[in-house]
Amino acid sequence: MTTITHRIAEHRATLAVTGRFDFSIHRDFRRAYEEVLATPGVREIGVDLGKVDYIDSSALGMLLLLREKALNQNVRVDLEHAQGPVRQVLDVANFGRLFQIS
Amino acid sequence: MEAVLPAGTPAGAPALVLVADDKPENRLLLTTFLKREGYACVTAANGREAVEACRRRAPDIILMDAAMPDMDGFQATQEIRRLFPDRWIPIIFVSAYSSTENQARSLSAGADDYISKPVNLAVLAEKLRAMQRIAAMQARIAQYAAQLEASLERSRSDQEFARHLLTHMAGRMAPREELGLAYWAEAAAELSGDIVAGRRGPAGKRYLMVADAAGHGLAAAISVLPLVEAFYRLAEKGFSVASLVSELNAKARGLLPRDRFVAALIVVADESENSLQVWNGGLPEALFLDDAGEVLRRFPSRHPPLGMLSVEQLQLLPELFAWPGPGQLIIHTDGLNEAEDRTGDPFGAARLEAALGRNPPAARLDAVRAAVLAHLGAASPHDDITLAILDCPAPGSPPPLPVAGKQPSAGTPATGWRSTLRLDARQLRTLDVVPLVMNWIEQLQPLQQMRGLVFTVLAELVSNAIEHGLLGLDSGLKHTPDGFERYMEARTEALACLTEGWIEIAVECAGGADTPGLTITVTDSGPGFPYADYLDRLQGSDTLPSGRGIALVRQLTTELRYEGRGNRVVARLSCSSCP
């Protein structure tokens, strides 16, 4: 069961996804980031992928949408704790050209 | 399937209750009570009458006495269930025998509930209400199922249509044997979001694209369609990999929503140079394997998939590789290495390389397919799988002669015209020169069968003019081991820095209407070279590597000569088989 949690500390919000990051969570993911983007004062969003065990192209699509919406508000989006197969998927897609990945 | 009306509530149309009991006083008791509760009633004195009543009109609920003469409640229940296989009518058994054994027997005969005599009317009223609620829910479910079935039917017909379109797109693909290409494609759904497109360009170079649209099924297949169209159009004109990438990316970015993209690998293979130009945006790494199974070069994804970046941000230039001996370029989409068996173990790149390496070239495709299918077992792939293998024959094999271009006939070509085009340094830096010049020529003169010929000659003369005349490169470098790649890098760098100079292309059409002849003159602003006996030396030796291109041009032209200080070359082509 995939879960998405978010917390906000001053200017930085963190969105953490746990489990499978795929099409089935796209509504929840969108709701989560819309809430974060609606919060005044947020300048940065970190998407924590440390506990994601599976990521596919629809997840990449969701991240692209988030990035576009965030850019419209001058909010920066980073991807954090990407490792193993998740990191591999991001690298093959050369997501480093669009996001700071750590 | 008949339309099912949900059981009525007292507020709406009254629900119809069938009361089956052999004793008239029981029937009277129940029907009086039921009418007061707002139900409509119909009665039966035995099982047979109950079944008959159901045949005449299906009740909403049945109160069935267990013990009746001439067919008891158990049998009647079974008959009624058989009468209505698609519709659920709640049946409540009413019985004097309240043992659990009897209750179990009635439930297994098909009853839905059980109430014992003497009947507690308050309890009966609640049981009836509960049954009605369930019946209403059942009716809704049946309705949704019907809607879903209709929707699936429509979706199937949409998929059929999309498949038709895709087949017609794919119909433009050159035959695999002609391309030296073999591939295996396994769709995860009705339609694949993966596509393999290929054809030869006007000078005979092979253009290949393997694309993987995000997701799979109909939506993915639709994402990739417009890109395939553009690929074939640009390949036919002989555009460079950079132009293809630029145009396809722009198309993807313009057409697709922000969260959709198409991973793609584009290859141009030139058999006369034994070179591969590879641009990989988002596919797993492609491999060049020699005939012994050794990986000589890897082409990992160095760019994001098409549609993600804007053209200013996207790097367009391909990677270059000159193959030193015969081999194969192996391209696959991620559905292959991610294909999972029942335990969730993916096939993986290691297994792929092992299967490729231990098989001879001709057997590799089948070997990998067999290995993947064996790995999947009974599981079906959850993403589209594509594996494409392009043959790269031994250097020195004669390259195919230019392919006859297919163009609609435009009548007798006009003769006696001449036109000149001059391109300066800035234009040479930014434009894909040969296809654009070809386009210009074809506006003035339909080329028909001469197209491939003209393209090849023009490409060679123009590239010589640019590389030797303006950039001062020594093409001898091209033919040393890995000199090709260094030469092409030097060319790219030098061209990017070009600020002065020009080339001029003059095309003249002369000769009678029966034997039209095209004369192409290419002049560059460079220093020229001592050409006096150059062509004669070329004649005598085909081992002069730097002249290989010109040697080919000589074969294709009726006349070839240098003029001026060697910065002008004149080529005459005629096509005696032109209509």
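Up top is the structure.
None of these values were measured; they are calculated from a predicted model.

A. Structural context of the pattern of salt bridges. In this structure the tally under the stated criterion is 37 salt bridges over all chains. The shortest N-O distance in the salt bridge between R206 of chain B and E271 of chain B comes to 3.1 Å. Here E271 of chain B lies in the loop between β9 (262–270) and β10 (275–281) and R206 of chain B lies in strand β8 (residues 206–213), a separation of 65 residues in the sequence. For the pair R206 of chain B and E271 of chain B, a shared accessibility class is recorded, and that class is buried. Linking E559 of chain B and R561 of chain B is a salt bridge whose minimum nitrogen-to-oxygen distance equals 2.3 Å. What makes E559 of chain B partly exposed here is its relative accessible area of 34%. Within the structure, one salt-bridge network assembled from shared partners comprises R12, E44, R76, D78 and E80 of chain A.

B. Representation of the packing of aromatic side chains. Residues and elements named next belong to chain B. Considering all chains together, one arrives at ten aromatic pairs over all chains under this definition. The interplanar angle of 50 degrees and the centroid separation of 5.2 Å between the aromatic rings of F74 and F93 together place this pair among those described as tilted. Taken together, the residues F74 in helix α3 (residues 73–83) and F93 in strand β4 (residues 91–95) connect sequence positions 19 residues apart. One exposure class covers both F74 and F93, and it is buried. With 5.1 Å between their ring centres and 90 degrees between their planes, F529 and Y562 make a pair best called edge-to-face. On the criterion of sequence distance, the pair formed by F529 in the loop between β18 (517–524) and α16 (534–540) and Y562 in strand β19 (residues 559–563) is long-range, its members being 33 residues apart. Using a relative accessible area of 12% as the deciding quantity, one classes Y562 as buried. R176 extends its terminal NZ or CZ atom over the ring of Y183, reaching a point 3.9 Å from the ring centre. Over the ring of W502 we find R422; its NZ or CZ atom is 3.9 Å from the centre of that ring.

C. Examining the packing of helix α13 (residues 433–444) of chain B against helix α14 (residues 451–470) of chain B more closely. Residue and element names in this part refer to chain B. In contact at an axis separation of 10 Å, α13 and α14 are set at 135 degrees when each is read in the N-to-C sense. Judged on the interaxial angle alone, α14 and α13 are oblique. Helix-helix and strand crossings are classified by hand; for α13 and α14 the assignment is right-handed. Residue-level inspection shows V433, V434, V437, M438, I441 and E442 of α13 in contact with α14, the latter providing R451, V454, F455, L458, A459 and V462. Residues of the contact of α13 with α14, tallied by class, amount to ten nonpolar, no polar and two charged.

D. Representation of helix α4 (residues 100–109) of chain B within the structure. All names here are of chain B. Those residues of α4 lying buried are N102, S106 and A109. Considered in projection along α4, the buried side chains sweep an arc of 60 degrees and stay on one side of the axis. Of the exposed residues in α4, the ones pointing more than 90 degrees away from its buried face are T100, E101 and S108. Here the buried face of α4 lies against α3, β4 and β5 (113–116). Just downstream of α4, G110 is the residue with a positive phi angle, here 120 degrees.

E. Region of the structure containing the nonpolar core. Counting residues in hydrophobic clusters, the biggest one holds 96 residues, and the most contacted among them are F21, I45 and F95 of chain A together with L276 and I331 of chain B. Among the elements that take part in this core, helix α7 (residues 218–237) of chain B stands out by supplying eleven residues, more than any other. Non-local contacts of F21 of chain A, meaning those with residues more than four positions away in its chain, are made with F29, L49, V52, Y54, I55, D56, A59, M62 and L63 of chain A. V437, V454, V462 and L471 of chain B belong to the second largest nonpolar core, which has 43 residues in total.

F. Structural detail: the sheet that holds strand β15 (residues 385–392) of chain B. All names here are of chain B. Pairing in this open sheet of five strands is antiparallel, and the strands run β6-β15-β14-β11-β12 from one edge to the other. The open sheet has two edge strands, β6 (181–186) and β12 (295–299), and neither has a second partner. Neighbour to neighbour, the strand axes of the sheet diverge by 15 degrees on average, direction disregarded. Packing of helix α10 (residues 348–357) onto the sheet brings it into contact with β11 (286–290), β12 and β14 (327–332), and relative to β11 it is tilted by some 25 degrees. Along the sheet, helix α11 (residues 364–376) contacts β6, β11, β14 and β15; its crossing angle with β6, the most-contacted strand, is approximately 15 degrees.

G. Spatial organisation of the interface of chain A and chain B. With 14 residues of chain A at the interface, the matching set in chain B holds 19 residues. Summing the contributions of chain A and of chain B, the shared interface buries around 1300 Å²; its carbon and sulfur component is 58%. The three residues of chain A that bury the most area against chain B are L64, V92 and R97 of chain A, which together make up 37% of that side's buried surface. A salt bridge links R258 of chain B to E68 of chain A; the nearest nitrogen and oxygen atoms lie 3.0 Å apart. Take the side of chain A that touches chain B: its biggest share by element is seven residues, from helix α2 (residues 57–72) of chain A. Split by residue class, the side of chain A that touches chain B holds nine nonpolar, three polar and two charged.

H. Quick look at the sheet that holds β19 of chain B. All names here are of chain B. Taken in spatial order, the five strands line up as β16-β17-β18-β20-β19 in an open sheet, and their pairing is antiparallel. Every other strand in the sheet has two partners, leaving β16 (417–424) and β19 as the edge strands with one partner each. Within the sheet, the average angular offset between the axes of one strand and its neighbour, ignoring direction, is 15 degrees. Bridge count between β16 and strand β17 (residues 502–510): eight bridges; the pairing is antiparallel. Paired with S419 across the two strands is V507, which belongs to β17. Sheet contacts for α13: β16 and β17; angle to β16, the most-contacted strand, approximately 155 degrees. The strands touched by α14 are β17, β18 and β20 (568–574); relative to β18, the strand with the most contacts, the crossing angle is about 15 degrees.

I. Focus on unusual backbone geometry. A cis amide bond links K117 of chain B to the next residue, P118 of chain B, at an omega of -5 degrees. Positionally, P118 of chain B belongs in the loop between β5 and α5 (121–170). The backbone of E10 of chain A shows a phi angle near 55 degrees, a positive value even though the residue is not glycine. Within the element layout of this structure, E10 of chain A appears in the loop between β1 (3–9) and β2 (12–21). Assessed through its relative accessible area of 73%, E10 of chain A is described here as exposed. At H81 of chain A, a position not held by glycine, the phi torsion is positive, near 55 degrees. Structurally, H81 of chain A can be placed in the loop between β4 (76–80) and α3 (84–92).

J. View of α10 of chain B. Residues and elements named next belong to chain B. Among the residues of α10, G348, L352, A355 and L356 are the ones counted as buried. Seen along its axis, α10 keeps its buried residues to an arc of 120 degrees; they face one direction. Packing partners of the buried residues in α10 comprise β11, β14, α9 (334–337) and α11.

K. The arrangement of a nonpolar patch on the surface in detail. Together, I134, M137 and I141 of chain B give the surface a local cluster of nonpolar side chains, amounting to about 270 Å² of exposed area. With respect to the element layout, M137 of chain B can be found in helix α5.

L. Spotlight on the environment of D345 of chain B. All names here are of chain B. Among the secondary structure elements, D345 is positioned in the loop between α9 and α10. Sequence separation between D345 and R364 is 19 residues, and the spatial gap between their C-alpha atoms is 22 Å. Excluding residues within four positions of it along the chain, D345 makes contact with A339, E340, R351 and H375. At 3.1 Å, the side chain of D345 forms a polar contact with the side chain of R351.

Criteria and thresholds
- Residues numbered from 1 in each chain as written.
- Chains lettered and ligands numbered in written order.
- Predicted model: local features only at pLDDT ≥ 70, side-chain atom pairs only at ≥ 80, totals over all residues.
- Heavy atoms only, no water.
- Salt bridge = Lys/Arg side-chain N within 4 Å of Asp/Glu carboxyl O.
- Helix = DSSP H or I, 4+ residues; strand = E, 2+ residues; numbered from the N terminus.
- Buried < 20%, exposed > 50% of the residue type's maximum accessible area, 1.4 Å probe, protein only.
- Phe/Tyr/Trp six-rings, centres within 6.5 Å; stacked < 30°, edge-to-face > 60°.
- Lys NZ or Arg CZ within 6 Å of the ring centre and 35° of its normal.
- Axes fitted to C-alpha atoms, helices over the stretch in contact; angles between N-to-C directions.
- Parallel < 35°, antiparallel > 145°, perpendicular 65-115°, else oblique.
- Left-handed = near helix turned anticlockwise from the far one by under 90°.
- Contact = heavy atoms within 4.5 Å.
- Nonpolar A, V, L, I, M, F, W, Y, C, P; charged D, E, K, R; others polar.
- Arc of directions from axis to C-beta.
- Core = buried A, V, L, I, M, F, W, Y, C linked by side-chain atoms within 4.5 Å.
- Pairing = 2+ DSSP bridges.
- Buried area = accessible area lost by both parts, 1.4 Å probe.
- Patch = residues over 30% accessible without salt bridge, like charges linked within 9 Å, V, L, I, M, F, W, Y side chains within 5 Å.
- Areas by Shrake-Rupley, 256 points an atom, 1.4 Å probe, with all protein chains shown as cover.
- Polar contact = N/O pair within 3.5 Å; in protein donor to acceptor, adjacent residues only side chain to side chain.

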